[in-house]
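Structure assessment
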Amino acid sequence: MTVSTEEKSKVGIVVSNAMDKSVVVKVSYLVAHKLYKKRVKKSSKFMAHDEKNICEVGDKVKIISTRPLSKRKRWEVAEIIQKTK
């Protein structure tokens, strides 16, 4: 089974950086409603490793899949796309 590139990386917004070397990233996406076919916005939160503690709340970041680093961390911050003002 081949894993596509989209499954290995995601783009989202940092919603929490209260932990040491960890951030919580919220990834939003659109799905079609099963019955009414209207597009509905949904989101998921991912714990990601931030080695240098440079991410701040509101930053737009790209996260990539990695080996399990702890109980909930399976992602790592690859790059900061856009810093907050």
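These notes cover the structure that comes with them. Just so we're clear, the structure is a prediction, and the values are computed from it rather than from any experiment.

Another aspect to go through is the pairing of strand β5 (residues 73-82). Two strands pair when backbone bridges link them, and strand β3 (residues 39-49) and β5 are joined in this way by 3 bridges, in the parallel orientation. What sits directly across from Met47, in β5, is Lys73. Direction of pairing for strand β4 (residues 60-65) relative to β5: antiparallel, over a ladder of 6 bridges. Within β5, the position partnered with Ser65 by the bridge is Trp75.

On to unusual backbone geometry. The backbone phi angle of Lys21 is positive, close to 60°, even though this residue is not glycine. Following the sequence through the fold, Lys21 ends up in the loop between β1 (9-16) and β2 (22-32). Looking at Lys21, the relative accessible area reads 31%, which means it is partly exposed. The residue Asn53 is not glycine, and still its phi comes out positive at about 55°. By the secondary structure assignment, Asn53 is in the loop between β3 and β4.

With mixed pairing, 5 strands are arranged side by side around a closed barrel as β1-β2-β3-β5-β4. The sheet shows a mean angle of 50° between the axes of neighbouring strands, taken without regard to direction. Sheet analysis places β1 next to β2, joined by 3 bridges and oriented antiparallel. Its bridge partner being in β2, Ile13 is matched across the sheet by Lys26.

Conventions adopted
Residues numbered from 1 in each chain as written. Predicted model: local features only at pLDDT ≥ 70, side-chain atom pairs only at ≥ 80, totals over all residues. Heavy atoms only, no water. Pairing = 2+ DSSP bridges. Helix = DSSP H or I, 4+ residues; strand = E, 2+ residues; numbered from the N terminus. Buried < 20%, exposed > 50% of the residue type's maximum accessible area, 1.4 Å probe, protein only. Axes fitted to C-alpha atoms, helices over the stretch in contact; angles between N-to-C directions.

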